[in-house]
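Remarks on the overall topology
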Amino acid sequence: MTDFKSLPQHKQGVLIVVEGIDGSGKSTQIHLLHRWLQSEGYGVFFSEWNSSPLVKGTTKLGKKTKSLTPTTFSLIHATDFADRTEHQIVPAIKAGAIVLADRYVYTAFARDVARGVPKRWVRNLYRFSVKPDLAFYFRVPLEVSLERILHGRARLKYYEAGMDLGLSRDPRESFKLFQDRIMKEYDSMVDEFGLIVIDGTRTIEEQQAEVRKIVHDYLMDRLPNGKEARYGQVQILR
Amino acid sequence: MAKFKYYGEGLTGVDLDSLVGKLIVLEGPDSVGRSTQVALLRDWLESMGHAVAATGLRRSELTQEGLDQAKTGHTLGRRTMSLFYATDFADRLENNIVPALRAGYHVLSDRYFYSISARDIVRSADPEWLKEVYGFALVPDLVLYLRVEVEHLVPRALYGKGFNYWESGMDLALGDNFFDSFVIYQSRVIRELDKMAEHYGFIVIDASRDPNSIFEDLKKAIEPILTPTVEAIT
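Treat the numbers as computed from the prediction; the structure is a model and nothing was measured.

Observations concerning the interface of chain A and chain B
Counting residues at the interface gives 30 residues for chain A and 27 residues for chain B. Going through the elements one at a time, helix 2 (56-64), helix 3 (70-94) and helix 5 (119-125) of chain A are the ones with two or more residues in the side of chain A that touches chain B. Counting residues per element, the side of chain A that touches chain B draws most heavily on helix 3 of chain A, at 12 residues. Within the side of chain A that touches chain B, the residues separate by chemical class into 13 nonpolar, 12 polar and 5 charged.

Okay, structure coming up:
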């Protein structure tokens, strides 16, 4: 099932991704990790889910007109991901950067399957993706994330709340049921893909310290000479 | 039992039992004359009392604008292009073809995922990957493949709308001019379609002849799958 295409021999950079349900705190954590790696002198490249300039307009249109089905929702997000893989992620890794991704293929695996798309099909769809070196999964109980998201958020968007699934007419109720399904998918992927589980109920500082330690150990492992391998301001990983 | 089947795992949330129309696909390379035949077939079917819905590639409301923009800039990576077209096809399938089949229409599809895949394979996509991706597609009642050799396409393209960047495969750098590139590229697409004709069981129609002879052959191929219409009231 885990059928990632591996990069050729000259792969130099590192790919680190964060995952978790909405309100798990992953974006905060990757932001802090980004700042730290930069201050350490590494070349860092950041890529965010659903942000391809070529594809964004189409996704937006589909969401606005509510014309996306589970299949086209899945495909348009894969298109976005393919564009970022071809234009951003692969070149940056080959150039030796540390690539940070806020959400990765696991987001699609969790959300699309929660929408009823066959598991095997969506995993095949993303077969071209680069396998991350480290994939962090920020795990929080559903009540915690719901509290964070629903508190102070005026309105949930249609697809975000999973309204297309017809689980409930009430957006908040629908959101809860949908997030619950997504979370179950994430949990089932921990072993399948070797996700590193971070307890997202602890303080931001505690989580960040753990993440930094894991990243640090990984980088030191990849760099036999430690920081001596630094080239200018950009760390070249070989 | 449902009349339709999927090639693979199928579409999420579509009840196959509800699809009662007929799905007839016309395949073939660029400029082979598919749209002429679609128009003739539509008239013919309607004259017999069948409701017809015609649909073509890259007509999806969802992706038309985005795809046009991306292709104008020539900045689309190959994998991205594959998936963009797959999205487009899925949107057309779910929002045009499926509703028409549900309403009992005879759907004439000007191309299907076969030519999209053929173009992707010529651009070095993995055929097995594509086959699985397009596992959401319905198996048509009939696939009519308008087949020609590339020599026949050249004048049609030239005196038609002229050689086009993508239809000449210029992104592949196969030749230093549109003519050479067109010949190499379209030959490769035809080769892939030939393979699919065998694999998927297309009905091959010799499209090097005049439009009327082609039309006659198409009618002969379609007739057996038509449901009898009400006797003419006279």
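Having seen the structure, we can now continue with the description.
Considering the sheet that holds strand 4 (residues 142-147) of chain B
Pairing between the strands of a sheet is mediated by backbone hydrogen bonds and can be parallel or antiparallel. Residue and element names in this part refer to chain B. The 5 strands lie next to each other as 2-3-1-4-5, forming an open sheet whose pairing is parallel. A strand with exactly one partner marks an edge of an open sheet, and here the two such strands are strand 2 (52-56) and strand 5 (203-206). Put simply, the sheet's adjacent strands are angled 20° from each other on average, direction ignored. Examined bridge by bridge, strand 1 (residues 22-27) and strand 4 share 4 bridges and lie parallel to one another. Each residue of the ladder has a partner; that of I24, found in strand 4, is L142. In the packing of helix 1 (residues 34-47) onto the sheet, the strands contacted are strand 1, strand 2, strand 3 (106-110) and strand 4, and the crossing angle to strand 3 comes to about 170°. Packed onto the sheet, helix 8 (residues 211-222) meets strand 1, strand 4 and strand 5 and runs at close to 160° relative to strand 4.

Quick look at the environment of H34 of chain A
Residues and elements named next belong to chain A. Here H34 lies in helix 1 (residues 26-39). Counting along the chain gives 12 residues from H34 to F46, while the straight-line C-alpha distance between them is 8.1 Å. The contacts of H34, once residues within four sequence positions are left out, are V44, F46 and L100.

A few points about the packing of helix 4 (residues 113-122) of chain B against helix 7 (residues 178-200) of chain B
Residue and element names in this part refer to chain B. Between helix 4 and helix 7, the least distance of the axes is 9 Å, while the angle of their chain directions is 125°. Considering their axes alone, helix 4 and helix 7 lie oblique with respect to each other. The two elements helix 4 and helix 7 meet at a crossing, and its hand is right-handed. Counted together, Y114, S115, A118, R119, I121 and V122 of helix 4 and Y185, R188, V189, E192, L193, M196 and Y200 of helix 7 form the full contact between these two elements.

Some words on the environment of A110 of chain A
All names here are of chain A. For A110, the location among the structural elements is in helix 4 (residues 105-114). For A110, a count of 25 C-beta atoms within 10 Å corresponds to the buried category. In sequence terms A110 and N50 are 60 residues apart; their C-alpha atoms lie 15 Å from each other. What A110 contacts, discounting residues up to four positions off in sequence, is I182, E185 and Y186.

Cut-offs used in this document
- Residues numbered from 1 in each chain as written.
- Chains lettered and ligands numbered in written order.
- Predicted model: local features only at pLDDT ≥ 70, side-chain atom pairs only at ≥ 80, totals over all residues.
- Contact = placed C-beta atoms within 7 Å.
- Helix = DSSP H or I, 4+ residues; strand = E, 2+ residues; numbered from the N terminus.
- Nonpolar A, V, L, I, M, F, W, Y, C, P; charged D, E, K, R; others polar.
- Pairing = 2+ DSSP bridges.
- Axes fitted to C-alpha atoms, helices over the stretch in contact; angles between N-to-C directions.
- Parallel < 35°, antiparallel > 145°, perpendicular 65-115°, else oblique.
- Left-handed = near helix turned anticlockwise from the far one by under 90°.
- Buried ≥ 20, exposed ≤ 12 C-beta atoms within 10 Å, placed from the backbone.

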